Number of protein chains: 2
Amino acid sequence: MAYRIITISRQFGSAGRTIGRMLAAELGIKCYDREIIEEVAQRSGLAKEYIESRGEYSVQGTFGAVLNRGYYGGLTNEDRIWQIQCDIIRELAEEESCVIVGRCSDYLLKDRPDVLRVFVHAPIEWRAKRIVNVYGETEEEPEKRLKEKDKHRAAYYNIYTDMKFGDARNYDLCLNSASLGIDSCVSIIRQLVKQSGETEEQG
Amino acid sequence: MAYRIITISRQFGSAGRTIGRMLAAELGIKCYDREIIEEVAQRSGLAKEYIESRGEYSVQGTFGAVLNRGYYGGLTNEDRIWQIQCDIIRELAEEESCVIVGRCSDYLLKDRPDVLRVFVHAPIEWRAKRIVNVYGETEEEPEKRLKEKDKHRAAYYNIYTDMKFGDARNYDLCLNSASLGIDSCVSIIRQLVKQSGETEEQG
């Protein structure tokens, strides 16, 4: 079956988002990343900055929910964000061919045969250099920033999806952007997508 | 740098060995898999069947060694097999361009920049069908056989390498042979190898 949707999960600083944007441009389709946050903001009434800080890094969600639900009987903001994100990603996949970066989209769309699930990673030393180049210096050491981000992103993923972040078996394709190079990563994915379309036409 | 060596780690039944053989044939290089067992047999004096049963599935090695070493002061057979395998794989990588299937070769050669480390995996249902086709029926259910093999191979890898089997971050490239197809897997790897050679020529 032809791949209509490409989900890109990634380690922070691994160029996963860049790869997603380049790929989408080459395929002539949209790439969704921060756009999802804007849509969550619209639907929830929550501030974008708040959603961003809670979106992929907070592990308050389920923990908070478990602790609070019995008492307040409601959903935490993190769980609301999660539910709205789920709706948006599933709607996107129904509506159009696109690239979706992060937000556990690989998990949410895992039962669709028209989804190519990609994971992009790179060694911490490579990512440390890259985040300084792309995002600039901060007071905190880049490797320390990365370790924090890695820990939170993995915890978020593990809690919401019940799968292990970074396990190859969750994906169709995992790419080490440092060793393969960003252009090569884009080209491998593009070729798989193109080829899947051709196979379908022939079939 | 041009990739001279391609290591293929794989889940049992995922067609990793087939991919390795096809790739080697297309690249005109040798593929080492069972050949390594024969060489271990020659160097150790141990029987091939014994080496095969202990080679990638036994977790007696380090446990056994920890328990026995103090007492007998020697190496277990599993540890001897491991050491000889390490020597053979490192020698191979020095001597010739080749594909090496399994045997923690990704770990043993991880510091060489001319090594492309690939992991091949597939969902258990797909592998179950495949092993019945390739190896025939046995008394034991195919999924049960696979679960045993998976468990032992992962334990062997985790113990000897101190890394987590199946974690994408140990590899340059991870491929789901069931969703991408065996031919596609071969073609992605072949292209990466060819491309790395061309880049080096231009560089």
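By convention here, each chain's residues receive numbers from 1 onward along its written sequence. The lettering of chains begins at A and the numbering of ligands begins at 1, in the order of writing. For this predicted model, a pLDDT threshold of at least 70 governs which residues receive local features, and a threshold of 80 or more governs which side-chain atom pairs are given and counted, while totals over whole chains, interfaces and linings are taken from all residues.

> Any chance you could explain the sheet that holds strand 5 (residues 173-176) of chain A here in plain terms?
Strand-to-strand pairing in sheets goes through backbone hydrogen bonds, with the strands running parallel or antiparallel. Here, strands pair whenever DSSP counts at least two bridges between them. The numbering of helices and of strands both runs from the N terminus, where a helix is a DSSP run of H or I of at least 4 residues and a strand a run of E of at least 2. With mixed pairing, the ten strands of this open sheet are ordered in space as 2(A)-3(A)-1(A)-4(A)-5(A)-5(B)-4(B)-1(B)-3(B)-2(B). Looking at which strands have only one partner, the edges of the open sheet turn out to be strand 2 (30-32) of chain A together with strand 2 (30-32) of chain B. Strand-to-strand twist of the sheet, defined as the mean angle between neighbouring strand axes without regard to direction, takes the value 20°. Note that strand 1 (residues 5-10) of chain A and strand 3 (residues 98-101) of chain A share four bridges and pair parallel. Bridge pairing links Ile5(A) to Cys98(A) in strand 3 of chain A. Axis definition: a line fitted to C-alpha atoms, limited for helices to the stretch in contact. Angles are taken between N-to-C directions and run from 0 to 180 degrees.

> Explain the pairing of strand 5 of chain A to me, please; I cannot follow it from the model alone.
Strand residues, when the strand is regular, have side chains that alternate between the two faces of the sheet. Here the C-beta atoms are placed from the backbone, and a residue counts as buried if at least 20 other C-beta atoms lie within 10 Å of its own, exposed if 12 or fewer do, and partly exposed otherwise. On strand 5 of chain A, burial covers both faces: Leu173(A) and Leu175(A) on one face and Cys174(A) and Asn176(A) on the other are all buried. The pairing of strand 4 (residues 115-121) of chain A with strand 5 of chain A spans four bridges and is parallel. In the strand pairing of strand 5 of chain A, Val120(A) is matched with Leu175(A). The pairing of strand 5 of chain A with strand 5 (residues 173-176) of chain B spans three bridges and is classified as antiparallel. Counterpart to Leu175(A) in the pairing with strand 5 of chain B is Leu173(B).

> What is the right way to read the packing of helix 7 (residues 124-135) of chain A against helix 8 (residues 142-161) of chain A from this model?
In a packed pair of helices, the relevant descriptors are the angle between the two axes and the axis-to-axis distance. All names here are of chain A. Between helix 7 and helix 8, the shortest axis-to-axis distance is 9 Å and the interhelical angle comes to 110°. In this view, helix 7 runs roughly perpendicular relative to helix 8, as classed from their interaxial angle. On helix 8, the residues that touch Ile124, Arg127, Ala128, Ile131 and Val132 of helix 7 are Pro142, Glu143, Arg145 and Leu146. Class assignment for the residues of the contact of helix 7 with helix 8 results in six nonpolar, no polar and three charged. An angle counts as roughly parallel when it lies under 35 degrees, as roughly antiparallel when it exceeds 145, as roughly perpendicular when it falls between 65 and 115, and as oblique in every other case. Residues are treated as contacting if the C-beta atoms built from their backbones sit within 7 Å of each other. Residues are grouped as follows: Ala, Val, Leu, Ile, Met, Phe, Trp, Tyr, Cys and Pro are nonpolar; Asp, Glu, Lys and Arg are charged; every other residue, Gly included, is polar.

> Is there a simple way to explain the relation of the copies chain B and chain A in this structure?
Between the two chain copies there is a screw-like relation: a rotation about an axis and a shift along it. With an axial shift of 0.0 Å and an RMSD of 0.0 Å, the rotation relating chain B to chain A amounts to 180°. Classification of the inter-copy transformation places it as that of a two-fold axis. Comparing interface residues between copies, 100% of those in chain B also lie at the interface in chain A; the contact surface is shared. Only residues with pLDDT of at least 70 in both copies count here: their C-alpha atoms drive the least-squares fit that superposes the copies.

> Help me understand the interface of chain B and chain A in this model?
One frequent convention defines the size of an interface as the accessible area lost when the parts assemble. In this complex, chain B contributes 18 residues to the contact, which on the side of chain A involves 18 residues. Broken down by secondary-structure element, the contributors of at least two residues to the side of chain B that touches chain A are strand 4 (115-121), strand 5, helix 9 (177-180) and helix 10 (182-202) of chain B.

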